[in-house]
Amino acid sequence: MAAGPRPIAVGGARQRTVLGLLLLRAGRIVPVDALVDEVWNGRPPATARTQVAIVIAALRKAFRAEGASAEIIVTAHPGYQFTSDGHYLDSTHFSRLVAEAERASRSGRLEDASRLYEESLDLWRGPALSGVTGSLVEDEAARLEEQRLNAYDDATAVRLELGQDQELVPRLALVAREQPLRERTRHHLMLAQYRSGRRAEALETFREARRQLVNELGMEPGPLLQDLHDAVLRDDPALIRAAARPPTGDPRGPVRTSATDTVAAVAVAVESPVEVEVVPSELPPDVPGFTGREEELACLDSLLDGVGSEPSGSTAPTVGLVTGVAGVGKTGLAVRWANRVAERFPDGRLFVDLRGYDEQSEAVSTSDVLGRFLRSLGVASRRIPAGLEERTALYRSVLADRRVLLVLDNVRTYGEIRALLPGRGGSCVLTTSREPLEHLVTWPAEARVHLGLLPAPDAAELLCRIVGRQRMQRAPEATDRLVELCDRLPLALRIAGARLASKPHWTADHLVGRLNDERRRLDELSQGESQIRASFAMSYRYLSDAAARLYRRLGLLDVPDFTAWVGAALLDTDLVDAELLIEQLIDAQFVEVVGVDAMGAFRYRLQNLMRLYAGERAAEEESEAERAAARDRVFRTYLTIAQDAHHREHAGDNSVVHSAAERRDVPAALLEELLADPLGWYEAERLSLVAVIQQAARGGQADVAWDLTASMIGLFETRNYTEDWRICAQLSLEASRQAGDVLGQAVMRHYLGSMHLYLQRFDPAVRELEAALELHERAGSVLGRAMTLRNLAVVDRIQGRLGPALERLEEALDGFRQAGDPVQEAHALNNLAQVRIDQGRAELAVDLALDAVRLCEQGDGEPEKRGLAQAVHRLARACLALGRYPEAEEAFSRVAEISRGKSDVMGLGYALWGLGESRLAAGDPATALHHLCAARELARRTVSPLMEGQILLVRGRSHVALGDSAAAREDLMAAVEAFSVVDAPTWRVRAREALAELG
C-alpha cells in the first residue's frame, strides 16, 4: 500500500492477509467468515470474529494516519468492503493496459500495442502479494502471476511481429529458464533464435524443452513445439513470414483471441481421435413457467450470426455471457435459449455447471470438464490424456470441424473456461456468471446480457403460472404487493409461488401478510445475497418435518450430486420413502434433477447457496452426534456398494486390502439395481466418490477414505483417471498419518507407487513401494506386502534385473497363496512366466502361464477377465518364444477378444503387438505390419512409451524382412529413444543391436 509516493507499513501477518483479501475483492463485500477462514486456515479460535474487528480498526487507523480523507474500509453486512472510489489499484490498471494493448493489436497498431504491453509489465515490482499468507490470497497471487506471464507472452508475440527478434533472445532465454514448462515461451524463443540466424540454438531449445517435459511430466512436447521443430529442421521459408502467435489452444500460454492471431506456418494433418461419431445432447430441460426475457433472448440470438450452414473454421468461436446477481435466473435464461436454438447445432449440445460460487466445495476442475466433454463427443476414455495441455489440444481438434453449442454455467473466473473455448469458429459458447469476465473480448457486445430484475408484469405472470391464473387474478393488489416483497427476483418469486401453490386454502393476501410480519425477512430480501437466504428460510418452514430433515442433512455432504439411496441413508429409511421426500424437495425447488446417469438413476443436486443454507439449518437444529451419524451412514453405504462393485467386476473380493471401517447393510435388490454394470456405477459415482474420500480424509475418517480409494483403483487405472488417483491416495495417506493408521499408510503408499509405475515413472515408484513394503511388514499385512513385492519385481524386470525380480515374485507368490487371493496369485505367475521368457527358459514359462489360466478360470462363476487376458497373453508369449507360432497366434487372438469385450485399450494393444510378432516369426511380415501399426496407435493413445518402443522394435524387423531399410532404421531409432525415456536398458540394448545389424 502507498499514499501518494509514500508506502504505508502494514504490520503483522493478520493485517496483511485481511488487507490482501479486501484489495483482491475491492468494491465487493467480503464476509467476516471468509476473513476468519483465511486468517486461521479453517481452524479459528473462539475470539476470531473479535480479532478480525481489531485488525480492521488497526488498518483504518493506519490509513487515517496517512491522511485518508474518507473511510477506505467500510462495514457492510455481512462483512467489510474496500471502497475503490478515489483510490488507485495497480492490478486494475494493469488489466486496463493489457486490454488496450489487445485492442491495438487487433486493429493492427502494433507499435502502440508494444508500448502498452511494456507499460503494463513495468507495473510489476516482484511477486504479487509477497509475504501474504492464506489459501485464497495465494491462489489469487498465482492467478495474477499467470496474467503477468500471459501479458509477457502476448507482448513478445507483438514484438516478434515487429521484427525485434535479436533483441528478444536474451530475455526470452531467461524467462524460459524460469518457466521451463511453459511451451509458448519456448516457441517464441525458438522462433526468435531461428530468425536471428541461430538455427542450432533453436534446435537445442527444443531438445532442452523436451527433456524437461519428459523428465518432469512424463510427456512429449505438444504439437505447437513439435510443428515448429519440424519446420526449423527443413528450413521452412514460411517461418520467416509467419506470425509469432501460436494457436489459441495452447493452455500453457493462453492467448486472447485477436484479429492478428495466426496459426504457425506448418500445416499438420491430424487423424480424428473420435472413436464413435456421437451427437451429445446434455441440455437440462427447459425451466417450467419461464416468463418474459424476450429482449435478452433476442440479444442472445445474435450469437447465431456466427453460425453458418457449415462450420467456417476461419473465425473465432462466438461466445455469449449472461451476468447478474444470484437467483436472477441466469441459468434459466441460458437453458431456455439453448433449447430454443438446439437444432442449429447438429453436432451436439454440451452443458456443465462449474459451481464457481459454491462456498463449501471446490469448483469443478477444467481438466475434469474436458475429460467429460471428450467422452460425450465420442473419444474413448483410454485415449484421453492426463495432462491439461494435451486434453485441451485434443478437445479443440475434435471440435474443429463441428458445430456444437456449449453452455458453461456458474463461471467465476475466465481461467476456469479458457481451455474450454473452441479454437476456431463453427461452435458457440454461452456462459453464465455473476462476474463481468472482462477477458472474454471476442464476442459481439449484443451477446452480453446483464440480467436485471423481472419487470413487474412479467413477475406477476410468473406467479400466475406457478399458482394458477384465476387464483391470483382474484387478488390483483395482493399479487402486485407480493411481487414487490419478492423484489421481482425470480428465485424468490418461485419460492413464494411454490408455497402458495402447495397450500390451496391460502389466499395471496394471507401470504402477503406473513411476509409483512417478517421485518427481518424483508430487510434481508432487499440487500445482497441475504435475500436468497431469507427466501430459503421462508420456504423451509413449510416443508414437512421429514422433508426438512432430509434437506438440511443433504447440506452435510460435499458431493456434487446424488441419487435417491443417499437420501435414504441420511434418514436411515427405505428407498421409496426417500424418493417421495426428494420429490417434495423438488416441488419446493430446494433440489433439482440434473439428469439420468449411465445406470438409469435420477441424479439430484442442491444449488450452491441452498446447500450452504441446508448446512446452517443442520447446525442449528441437530446435535453434533445426529449430524455425524447421518453423514457416517452415507459413508458406510458407499463402502458397502464400492466393495460389492469391486467384487462383481473382479469375480471376487480380491486384490484389495480393506480397512476395519464398518460397512452398512444394503438391500440385495438395491445392490442388484445399482450394480448391473459395476464399472458403470463407479463411473457414474466417480465425482461423488472422490468428494466423499476428500471429505472423510479431511474429517478424520482415514479408514473410510483409504478403503474407498483402494476400491476405486480399478476405475482409475482402466479409465486413466490418474489425477483422481493421486489426489485421493495423497489425502488418504495424510489422514492415515494423522490417525496413526499404519495399514492405511501402507496401502496408500503402495497405490501411489502403483500410479507412478502405471505412468512409467520408475524412480518415484520404487521410493513409494519400498516405503509401502516396510509399512506392510509393520502392519502384518500378508496380502499388501505380497502386492508390493510383485510391483517392485515388475520394475526390476523392466530395468533388466531378472534375478531380484525372480526372488521377489517367488516371495510374493507365497504371500498370495497364504492370503488366499487367486487373482493376485495368477498375476504373480504371469510375471514369473515373463521373467522365465526373458531368461530364455520359455518351457518353464508355459507351465507357469497354464497354472495362471487355470486359476483365473476356476470356479463356477464368471472368470476375472482382466487377469485371464494377462495369463493367456503370457502363455502366448511363451509359445512364441518356443517357436509354436500357431498356438501363440491363437492365444493372442483370444486376448484381443477379451480386451475388446472389456474396452481395455492397453490389453488390446498388447494382443495386436503379439499377433504382429507371431506373423513375423511365421514368415508373413506384411500381415505383421498391419497388426503392429494398429498396436502402435493404441500404445500412443494410452501414453505407454515402453510398449510403443517394443512395438517399434518388432515393426523395424518387419521392415527389414520386407527389404525397406530406411523405414526399419526410422522405427528402430524411435524405439531406442522410447526405451531411453523410460529407462529400460535391456530393451534399449536389443534395439541398438537391431540397428547395428542394419549397418
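Residues numbered from 1 in each chain as written. Predicted model: local features only at pLDDT ≥ 70, side-chain atom pairs only at ≥ 80, totals over all residues. Heavy atoms only, no water.

Undergrad: What exactly am I supposed to notice about the overall build of the chain here?
TA: Regarding its fold elements, the chain presents 45 helices and 12 strands. The buried share of the chain, taken over its 999 residues, is 55%. If you take every contact in the chain between residues at least 6 apart in sequence, the share linking residues at least 24 apart comes to 67%. Accessible area for the chain stands at about 41900 Å²; split by element, carbon and sulfur atoms hold 49% of it. (Helix = DSSP H or I, 4+ residues; strand = E, 2+ residues; numbered from the N terminus. Buried < 20%, exposed > 50% of the residue type's maximum accessible area, 1.4 Å probe, protein only. Contact = heavy atoms within 4.5 Å. Areas by Shrake-Rupley, 256 points an atom, 1.4 Å probe, with all protein chains shown as cover.)

Undergrad: Would you mind going over the pairing of strand E7 (residues 349-353) with me for this structure?
TA: The two faces of a sheet get side chains in turn, since along a regular strand they alternate between them. In terms of residue burial, E7 counts as a mostly covered element, since 5 of its 5 residues are buried. Alternating positions in E7 separate into two faces, Arg349, Phe351 and Asp353 on one and Leu350 and Val352 on the other, with burial throughout. As defined by bridge partners, E7 adjoins strand E8 (residues 405-411) across 5 bridges and the pair is classed as parallel. Paired with arginine 349 across the bridge in E8 is leucine 405. (Pairing = 2+ DSSP bridges.)

Undergrad: I would appreciate a short explanation of the pattern of salt bridges in the present structure.
TA: Side chains that differ in sign of charge can pair as their charged atoms come close. If you walk through the whole model with that rule in mind, you get 58 salt bridges. A salt bridge links glutamate 204 to arginine 211, with the nearest nitrogen and oxygen atoms 3.2 Å apart. Classification of arginine 211 by relative accessible area gives partly exposed; the value is 42%. Across the pair arginine 469 and glutamate 461 runs a salt bridge whose closest N-O atoms are separated by 2.7 Å. Judged by its relative accessible area of 38%, arginine 469 is partly exposed. Here the residues in one salt-bridge network are Arg552, Arg553, Arg617, Glu621 and Glu622, joined through shared partners. (Salt bridge = Lys/Arg side-chain N within 4 Å of Asp/Glu carboxyl O.)

Undergrad: Is there a simple way to think about the sheet that holds strand E3 (residues 29-31) in this case?
TA: Paired through backbone hydrogen bonds, the strands of a sheet run either parallel or antiparallel to each other. On the basis of which strands lie adjacent, the open sheet formed by 3 strands has the order E3-E5-E4 and antiparallel pairing. Both edges of this open sheet fall to E3 and strand E4 (73-76), since each of them pairs with a single strand only. Each strand of the sheet is rotated relative to its neighbour by a mean of 35°, with strand direction disregarded. Direction of pairing for E3 relative to strand E5 (residues 79-82): antiparallel, over a ladder of 3 bridges. Note that in E5 the partner of proline 31 across the bridge is glycine 79. Helix-sheet contacts for helix H1 (residues 13-24) involve E3, E4 and E5, and the interaxial angle to E5 is about 65°. Where helix H2 (residues 32-40) meets the sheet, it contacts E3 and E5, and its direction lies at approximately 60° from that of E3. (Axes fitted to C-alpha atoms, helices over the stretch in contact; angles between N-to-C directions.)

Undergrad: Hey, could you run me through a nonpolar patch on the surface in this one?
TA: A contiguous nonpolar patch, built from Val593, Val596 and Phe602 and spanning about 270 Å² of accessible area, is present on the exposed surface. Among the secondary structure elements, phenylalanine 602 is positioned in strand E12 (residues 602-606). (Patch = residues over 30% accessible without salt bridge, like charges linked within 9 Å, V, L, I, M, F, W, Y side chains within 5 Å.)

Undergrad: I would appreciate a short explanation of the packing of helix H32 (residues 722-739) against helix H33 (residues 742-758) in the present structure.
TA: For the pair H32 and H33, interaxial distance at closest approach is 8 Å and the crossing angle is 155°. Judged by the angle between their axes, H32 and H33 are roughly antiparallel. Where H32 crosses over H33, the handedness of that crossing is left-handed. Here H32 contributes Thr722, Trp725, Arg726, Ala729, Gln730, Ser732, Leu733, Ser736 and Arg737 to the contact with H33, which in turn contributes Gly744, Gln745, Met748, Arg749, Tyr751, Leu752, Ser754, Met755 and Tyr758. (Parallel < 35°, antiparallel > 145°, perpendicular 65-115°, else oblique. Left-handed = near helix turned anticlockwise from the far one by under 90°.)

Undergrad: Looking at this structure, how should I read the nonpolar core?
TA: Considering soluble globular proteins, one finds that nonpolar side chains tend to be buried as a cluster. Of all hydrophobic cores here, the largest spans 142 residues; its most connected members are Tyr551, Tyr638 and Trp681. If you look at the next biggest cluster of nonpolar residues, it comprises 48 residues, including Leu283, Leu303, Val328 and Leu485. (Core = buried A, V, L, I, M, F, W, Y, C linked by side-chain atoms within 4.5 Å.)

Undergrad: Where do I start with the packing of helix H40 (residues 885-901) against helix H41 (residues 905-921) in this structure?
TA: Two numbers describe a pair of packed helices, the interaxial angle and the distance between the axes. Viewed as axis vectors pointing N to C, H40 and H41 meet at an angle of 160°, and their least axial separation amounts to 8 Å. Classified by the angle between their axes, H40 and H41 sit roughly antiparallel to one another. Read as a crossing pair, H40 and H41 show a hand that is left-handed. On H41, the residues that touch Tyr885, Ala888, Glu889, Phe892, Ser893, Val895, Ala896, Ser899 and Arg900 of H40 are Gly907, Leu908, Ala911, Leu912, Gly914, Leu915, Ser918, Arg919 and Ala921. Tallied by class, residues from the contact of H40 with H41 come to 10 nonpolar, 5 polar and 3 charged. (Nonpolar A, V, L, I, M, F, W, Y, C, P; charged D, E, K, R; others polar.)

Undergrad: Quick question: what am I supposed to make of a negative patch on the surface here?
TA: On the surface, Glu579, Glu583, Asp587 and Glu673 cluster together into a patch of negative charge. On the secondary structure map, glutamate 579 appears in helix H26 (residues 575-587). (Lys, Arg positive; Asp, Glu negative; His and termini not counted. Charge placed at Lys NZ, Arg CZ, Asp CG, Glu CD.)

Undergrad: What exactly am I supposed to notice about helix H42 (residues 925-941) here?
TA: Side chains that are three or four residues apart share a direction in an α-helix, a result of its 3.6 residues per turn. With 17 residues, H42 should cover 24 Å at 1.5 Å per step; its first-to-last C-alpha distance of 24 Å lies within 8% of that length. By the burial criterion, the buried members of H42 are Pro925, Ala928, Leu929, His931, Leu932, Ala935, Arg936, Leu938, Ala939 and Arg941. Where the residues of H42 are buried, they touch H41 and helix H43 (945-961). (Expected span 1.5 Å × (residues − 1).)

Undergrad: I'm lost on the sheet that holds E8 in this one. Help?
TA: With respect to topology, 5 strands assemble into an open sheet ordered E7-E8-E9-E6-E10, the strand pairing being parallel. This sheet does not close on itself; its edge strands, each paired only once, are E7 and strand E10 (448-450). Pairs of neighbouring strands in the sheet enclose a mean axial angle of 10°, with direction left out of account. Sheet strands touched by helix H13 (residues 330-340): strand E6 (318-323), E7, E8, strand E9 (428-433) and E10. Its angle to E9, the strand with the most contacts, is close to 165°.

Undergrad: Before we go on, may I ask you to explain the pairing of E8 in this structure?
TA: For E8, the tally of buried residues reaches 7 of 7 residues, placing the bulk of the element in the interior. Sheet topology places E8 next to E9; 5 bridges connect them, and they run parallel. Within E9, the position partnered with leucine 408 by the bridge is threonine 431.

Undergrad: Explanation requested: the confidence of the model for the chain in the structure shown.
TA: Note: predicted coordinates in regions of low pLDDT should not be interpreted at a detailed level. Summarising the model, the chain shows a mean pLDDT of 83, and 87% of its residues fall at 70 or more. Predicted confidence for residues 309-314 stays below pLDDT 50, and this span has 8 contacts to residues more than four positions away or in other chains. (pLDDT = per-residue confidence, 0-100.)

Undergrad: I'm lost on the side chain of aspartate 821 in this one. Help?
TA: Structurally, the position occupied by aspartate 821 is in the loop between helix H36 (802-819) and helix H37 (822-838). No salt bridge is formed by the buried aspartate 821; the nearest opposite charge belongs to arginine 790, separated by 8.2 Å. Here glutamine 824 takes part through its backbone nitrogen, which lies 3.1 Å from a polar atom of the side chain of aspartate 821. (Polar contact = N/O pair within 3.5 Å; in protein donor to acceptor, adjacent residues only side chain to side chain.)

Undergrad: Would you mind going over helix H12 (residues 294-301) with me for this structure?
TA: For H12, every residue scored as buried is listed here: Glu296, Leu297 and Leu300. Take H12 and look down its axis: the buried residues cluster within an arc of 100°, on one side only. Of the exposed residues in H12, the ones pointing more than 90 degrees away from its buried face are Glu294 and Glu295. The elements touched by buried residues of H12 are E6, H13, E9 and E10. (Arc of directions from axis to C-beta.)

Undergrad: Sorry, what's going on with the packing of aromatic side chains here?
TA: Describing an aromatic ring pair means giving the distance of the ring centres and the angle of the ring planes. Across all of its chains, the model carries 11 aromatic pairs by this definition. Seen in terms of ring centroids, phenylalanine 562 and tyrosine 604 are 5.8 Å apart; in terms of plane orientation they differ by 40°. Their pairing is tilted. Of this pair, phenylalanine 562 sits in the loop between helix H24 (545-554) and helix H25 (564-571) while tyrosine 604 sits in strand E12, and the two are 42 residues apart along the sequence. Like phenylalanine 562, the residue tyrosine 604 is buried in the burial classification. A centroid spacing of 5.7 Å and a plane angle of 40° characterise the contact between tyrosine 910 and tryptophan 913, whose relative ring orientation is tilted. Highlighted residues: tyrosine 910 and tryptophan 913, both in helix H41, separated by 3 residues, approximately one helical turn. Classification of tyrosine 910 as partly exposed rests on a relative accessible area of 25%. For the cation-ring pair, arginine 877 lies above tryptophan 913, with the distance from its terminal atom to the ring centre recorded as 4.3 Å. Sitting over the face of the ring of tryptophan 987, arginine 990 holds its NZ or CZ atom 4.4 Å from the ring centroid. (Phe/Tyr/Trp six-rings, centres within 6.5 Å; stacked < 30°, edge-to-face > 60°. Lys NZ or Arg CZ within 6 Å of the ring centre and 35° of its normal.)

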